[in-house]
Amino acid sequence: MAKDFNAGTDAGDSGARPVSQFKPFEWVPPRGLDPSRQHQAAFLNDARDVVQGALLLVQLLQWDEELRDAESSDTDPAPLLDTCQRGSLQRFVAVSLGLLHARIEAQCEAMRE
């Protein structure tokens, strides 16, 4: 029988409940590492996601700002974000990077001990 990858059940099974195939993405898989390296891998996974997300948001905000500056022409597309949304995203980036910085500092302190 063919395996239905998305549903997680055999294609010929009727009435079987699908099993989730989702597994969280990990840049550095912690399996097989000693506990301290697992902790380090978890931190690196989180840090990389935060940095990539922040970079993407900053690029999106810059692109939106360019649209806002070019708004004088009727042929240019309207900005994607309003002032409130831009402020929320900017605060989100700042807080996310602040939290990441605090975790980096905690990791550095732990390594000094």
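Residues numbered from 1 in each chain as written. Predicted model: local features only at pLDDT ≥ 70, side-chain atom pairs only at ≥ 80, totals over all residues. Heavy atoms only, no water.

Q: Can you walk me through the overall build of the protein chain in this structure?
A: Each helix and strand counted, the protein chain has two helices and two strands in total. Counted from the first residue to the last, the protein chain has its helices and strands arranged as β-β-α-α. Expressed as a percentage of its 113 residues, the buried residues of the protein chain come to 19%. A sequence separation of at least 24 residues applies to 31% of the contacts in the protein chain between residues at least 6 apart. A total of about 8,800 Å² of accessible surface is found on the protein chain, and carbon and sulfur atoms cover 59% of it. (Helix = DSSP H or I, 4+ residues; strand = E, 2+ residues; numbered from the N terminus. Buried < 20%, exposed > 50% of the residue type's maximum accessible area, 1.4 Å probe, protein only. Contact = heavy atoms within 4.5 Å. Areas by Shrake-Rupley, 256 points an atom, 1.4 Å probe, with all protein chains shown as cover.)

Q: Just checking my understanding: could you explain the pattern of salt bridges for this structure?
A: Think of it this way: side chains of opposite charge can pair up when their charged atoms draw near. The tally for this structure, following the rule as stated, stands at five salt bridges. With a closest N to O distance of 3.0 Å, arginine 103 and aspartate 46 form a salt bridge. One end of the pair, arginine 103, is in helix α2 (residues 83-112); the other, aspartate 46, is in helix α1 (residues 35-69), and 57 residues separate them in sequence. Aspartate 46 sits in the partly exposed class, given a relative accessible area of 38%. Arginine 86 is paired through a salt bridge with glutamate 65; the nearest N and O atoms lie 2.8 Å apart. Taken together, the residues arginine 86 in helix α2 and glutamate 65 in helix α1 connect sequence positions 21 residues apart. (Salt bridge = Lys/Arg side-chain N within 4 Å of Asp/Glu carboxyl O.)

Q: Quick question: what am I supposed to make of the packing of α1 against α2 here?
A: When two helices pack together, their arrangement is given by the angle between the helix axes and by the axis-to-axis distance. Relative orientation of the contacting elements α1 and α2 amounts to 155°, with a least axis distance of 10 Å. Our classification of the angle between α1 and α2 gives roughly antiparallel. You can see that α1 and α2 cross each other, and the crossing is left-handed. Broken down by class, the residue content of the contact of α1 with α2 amounts to 14 nonpolar, four polar and six charged. (Axes fitted to C-alpha atoms, helices over the stretch in contact; angles between N-to-C directions. Parallel < 35°, antiparallel > 145°, perpendicular 65-115°, else oblique. Left-handed = near helix turned anticlockwise from the far one by under 90°. Nonpolar A, V, L, I, M, F, W, Y, C, P; charged D, E, K, R; others polar.)

Q: When you look at α1 in this model, what are you seeing that I'm missing?
A: Think of an α-helix as turning once every 3.6 residues; residues three or four places apart then point the same way. Its 35 residues place the ends of α1 51 Å apart at the C-alpha level, agreeing with the 51 Å of an ideal helix rising 1.5 Å per residue. When α1 is considered as a whole, its buried residues turn out to be Ala41, Phe43, Asn45, Ala47, Ala54, Leu57, Leu61, Asp64 and Leu67. Of the surrounding secondary structure, the elements contacted by the buried residues of α1 are α2. (Expected span 1.5 Å × (residues − 1).)

Q: Explain the side chain of aspartate 64 to me, please; I cannot follow it from the model alone.
A: Mapped onto the elements of the fold, aspartate 64 is located in helix α1. You can call aspartate 64 buried: its relative accessible area is 0%.

Q: What exactly am I supposed to notice about the confidence of the model for the protein chain here?
A: Low pLDDT means the predicted coordinates in that region are not meant to be read closely. Model confidence for the protein chain is summarised by a mean pLDDT of 79, while 73% of its residues fall at 70 or above. Mean pLDDT across the elements of the protein chain ranges from a minimum in strand β1 (residues 3-4), with 38, to a maximum in α2, with 91. Scored below 50 in pLDDT, residues 1-11 shows 20 contacts in the model against residues more than four places distant or in partner chains. (pLDDT = per-residue confidence, 0-100.)

Q: Quick question: what am I supposed to make of α2 here?
A: Helix length check: α2 (30 residues) gives 43 Å between terminal C-alpha atoms against 44 Å at 1.5 Å per residue, within 8%. Within α2, the full set of buried residues consists of Arg86, Gly87, Val93, Ser96, Leu100 and Gln107. Tucked inside the fold, the buried residues of α2 contact α1. Where α2 starts, the residue carrying a side-chain oxygen 3.1 Å from the main-chain nitrogen of cysteine 84 turns out to be aspartate 82. (Polar contact = N/O pair within 3.5 Å; in protein donor to acceptor, adjacent residues only side chain to side chain.)

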